[in-house]
There are 2 protein chains.
Amino acid sequence: MKKVLAIDAGGTKLLYALINEKGEFLSDVEKVFTPKNIEELKEIFKTIIKKYEEDIDIIAFATAGAVNNENTKVESSTPNMPEGYNSLEFSNLSNKSVYVENDANAAAWAEYKIGAAMGEDNTITITIGTGIGGGFIINGKLLRGKSGRGGEVGSMKIAGRGRVCTCLRKDCWESYASGTGLQKTAEEVAFNDEIFNLSIFSDKSPKDITTYDIINGLNMKDEYSKKVFDIWKQDLITGLINITNIFDTESIIISGGMGKFIDTEEIENAVNSEIVTSPVKIKLAKAGNYSGMIGTALLACEKI
Amino acid sequence: MKKVLAIDAGGTKLLYALINEKGEFLSDVEKVFTPKNIEELKEIFKTIIKKYEEDIDIIAFATAGAVNNENTKVESSTPNMPEGYNSLEFSNLSNKSVYVENDANAAAWAEYKIGAAMGEDNTITITIGTGIGGGFIINGKLLRGKSGRGGEVGSMKIAGRGRVCTCLRKDCWESYASGTGLQKTAEEVAFNDEIFNLSIFSDKSPKDITTYDIINGLNMKDEYSKKVFDIWKQDLITGLINITNIFDTESIIISGGMGKFIDTEEIENAVNSEIVTSPVKIKLAKAGNYSGMIGTALLACEKI
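Predicted, not measured: the structure shown is a model, and the values here were computed from it.

A. Local environment of the packing of helix α4 (residues 179-192) of chain B against helix α6 (residues 223-247) of chain B. Residue and element names in this part refer to chain B. Between α4 and α6, the shortest axis-to-axis distance is 9 Å and the interhelical angle comes to 130°. In terms of their interaxial angle, α4 and α6 are classed as oblique. Regarding α4 and α6, the two cross each other, and that crossing is right-handed. Each of Gly181, Leu182, Thr185, Ala186, Glu187, Val189 and Ala190 in α4 lies in contact with α6, whose residues at this interface are Tyr224, Lys227, Val228, Phe229, Ile231 and Trp232. Considering only residue class, the contact of α4 with α6 consists of nine nonpolar, two polar and two charged.

B. The arrangement of the relation of the copies chain B and chain A in detail. You can overlay chain B on chain A at an RMSD of 0.0 Å; the transform is a turn of 180° with a shift of 0.0 Å along its axis. When the rotation and shift are considered jointly, the pair of chain copies conforms to a two-fold rotation axis. Here 100% of the interface residues in chain B have copies in chain A that are interface residues too; the copies meet face to matching face.

C. Summary view of the side chain of Thr277 of chain A. Relative to the elements of secondary structure, Thr277 of chain A occurs in the loop between α7 (264-272) and β10 (281-284). The exposure class assigned to Thr277 of chain A is buried, which follows from its relative accessible area of 7%. Within polar-contact distance, the side chain of Thr277 of chain A engages the backbone oxygen of Thr244 of chain A at 3.2 Å. In contact with Thr277 of chain A, not counting residues within four places along its chain, are Thr244, Asn245 and Asp248 of chain A together with Arg149, Gly150 and Glu152 of chain B.

D. Local environment of unusual backbone geometry. Residue and element names in this part refer to chain A. For Asn139, which is not a glycine, the phi torsion comes out positive at approximately 50°. Examined against the element boundaries, Asn139 turns out to sit in the loop between β7 (132-138) and β8 (141-142). Positive phi is not limited to glycine here, since Lys221 has a value of about 60°. Examined against the element boundaries, Lys221 turns out to sit in the loop between α5 (211-219) and α6 (223-247).

E. Layout of the side chain of Ser251 of chain B. Residue and element names in this part refer to chain B. One can find Ser251 in strand β9 (residues 251-255). There is a polar contact of 2.8 Å between the side chain of Ser251 and the side chain of Thr123. When near neighbours in sequence (up to four residues on either side) are disregarded, Ser251 contacts Ala117, Glu120, Asn122, Thr123, Ile124, Val280, Lys281 and Lys283.

F. Representation of the interface of chain B and chain A within the structure. Contacts between the two partners involve 38 residues from chain B, matched on the other side by 38 residues from chain A. With both chains or domains summed, chain B and chain A bury close to 3,100 Å², and 56% of this area falls on carbon and sulfur atoms. When the area that chain B buries against chain A is broken down by residue, the three leading residues are Lys146, Lys157 and Ile246 of chain B, summing to 24%. The tally of links from chain B across to chain A stands at four salt bridges. Across the salt bridge formed by Asp248 of chain A and Lys146 of chain B, the nearest N and O atoms sit 2.9 Å from each other.

G. View of the pairing of strand β7 (residues 132-138) of chain B. Residue and element names in this part refer to chain B. For β7, the buried fraction is high: six of the seven residues fall into the buried class. The pairing of strand β6 (residues 123-128) with β7 spans six bridges and is antiparallel. Looking at the pairing, Thr125 lines up with Gly135 of β7. Remark: three residues form the turn of the hairpin made by β6 and β7, two consecutive strands paired antiparallel. Of the pairings in the sheet, the one linking β7 to strand β8 (residues 141-142) comprises two bridges and is antiparallel in character. Of the residues in β8, the one forming a bridge with Ile138 is Lys141. Counting the residues in the hairpin turn of β7 and β8 gives two residues, including Asn139, whose phi is positive at 50°.

H. Quick look at helix α2 (residues 103-114) of chain B. All names here are of chain B. The end-to-end C-alpha distance of α2, which contains 12 residues, comes to 16 Å, matching closely the 16 Å that a straight helix rising 1.5 Å per residue would cover. Of all 12 residues in α2, nine are buried; the element is thus mostly enclosed. Restricting attention to buried positions, one finds in α2 the residues Ala104, Asn105, Ala106, Ala107, Ala108, Trp109, Ala110, Glu111 and Tyr112.

So, how was this worked out
Residues numbered from 1 in each chain as written. Chains lettered and ligands numbered in written order. Predicted model: local features only at pLDDT ≥ 70, side-chain atom pairs only at ≥ 80, totals over all residues. Heavy atoms only, no water. Axes fitted to C-alpha atoms, helices over the stretch in contact; angles between N-to-C directions. Helix = DSSP H or I, 4+ residues; strand = E, 2+ residues; numbered from the N terminus. Parallel < 35°, antiparallel > 145°, perpendicular 65-115°, else oblique. Left-handed = near helix turned anticlockwise from the far one by under 90°. Contact = heavy atoms within 4.5 Å. Nonpolar A, V, L, I, M, F, W, Y, C, P; charged D, E, K, R; others polar. Least-squares fit on C-alpha atoms with pLDDT ≥ 70 in both. Buried < 20%, exposed > 50% of the residue type's maximum accessible area, 1.4 Å probe, protein only. Polar contact = N/O pair within 3.5 Å; in protein donor to acceptor, adjacent residues only side chain to side chain. Buried area = accessible area lost by both parts, 1.4 Å probe. Salt bridge = Lys/Arg side-chain N within 4 Å of Asp/Glu carboxyl O. Pairing = 2+ DSSP bridges. Expected span 1.5 Å × (residues − 1).

If you want it as structure tokens, here you go:
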């Protein structure tokens, strides 16, 4: 059975572990912080690889950024990674086969193969954290687009309230329905709605209200928090309706930090009551925090 | 070479002609009006088929409504077609092989095989007329979804100005960026903006201003018409940005009656200046008014 060294390269940390072609872990998951400098990053990759190289068949990366269709490098500029990351030729890191996949695609593949979407050949995994990412599986294949940059569903424009996203564009779905979006909605409602004056957070500056405040407020029946969360939820639902109308998938899997705050049954009912396609199932991700590593390992074993 | 009787079944009229497997017409295109009654419609289909049956290999329909993945019948309710249309078993109409395809999918396939998107394995055809329809080709295959109902991009929610669509949902792209949408925008601007008082249409009731009025007004440098058209164009662009960010296709082909009013180069530049994926080409459809018949004939020849 093939053995893969899987490396999840994110803006904050690098995770790595040995995984077999069934997606089972053969080692503990190790962690190092991502350096700010591309030369340093290359050295760290080489050190990690050297440690396992003799023992493995493939090295598989799950990475931030858009990956080319040859799965050899990152094509886009990736603000969270060191400058020059998109000129890194991953294959030069080792004599073993190297496979590179976008992290959202890899996570979606893990859900499809061993997670919440097992056996569903049309399924989308939406990762909702600081931003929103998407991995789209259509007829059992990843949607990549002509250049590998497809699936940027967080940049879908909805709502039209003119909110400026962290990417400086206006009305991106992720500026409303991500964790950052919830915080922004909390700030806007606090500034514009008198309901805030009666809130348990009324002595806080609107800018300082966090996602966790809102979740706590919900549990404490705070009306302001409920209003903020309802707006956020509606923005989330709007995007999910759009996706369902276009893709008509069997399921949408919700992954990422915000997943634990939503009632998937409520969201599923709301989405299905407004789509023009056939009903979709909305489920939480099951493949866990290491789905990026698992997914890229499984894809690499199929491809190489 | 295979010979196909292609029938385009729309809400107003039925078109039919003989087409070969290269998409070439072997007969003139005939036209009859669509009856209001399902039994009458069946009889017309049978009469058309009987006329050509001995001479052909396949009967291929391009039809309004969502078609199942087996390409045997219409799954959805289709308000423009006679009641009971979605229980019609097309295969019972003839002893020859019968193939059924959604008309927007068929049009996209025609553009891909013999039209504006030839050789582009990732391409989307957007039909902009009374409504908005989409046919999506990904890696050389039609996107159908789990039930065949995918591609309903006209129901994508954008803008958030709360406009009610003909489907009674709010903020559908087609309620803004279709021909009907242009008319609605004309009405809204006339009601809400003083610019209308100086317009060449100021003596008209806002409800009576037509798409053609606005196009005429544009040519006559009428400021009100320009404002209306600019809003419409921006709503069109917003949807095209969303599609490009998700699909990263080589091209988007604009088909349908509204196509002739847009400057594709201007739209392409606007879309490409705001996407996060790689540049898309925006082109007018080339396969003509009979692209539905051509597309379903070509698909039928591949599948049967």
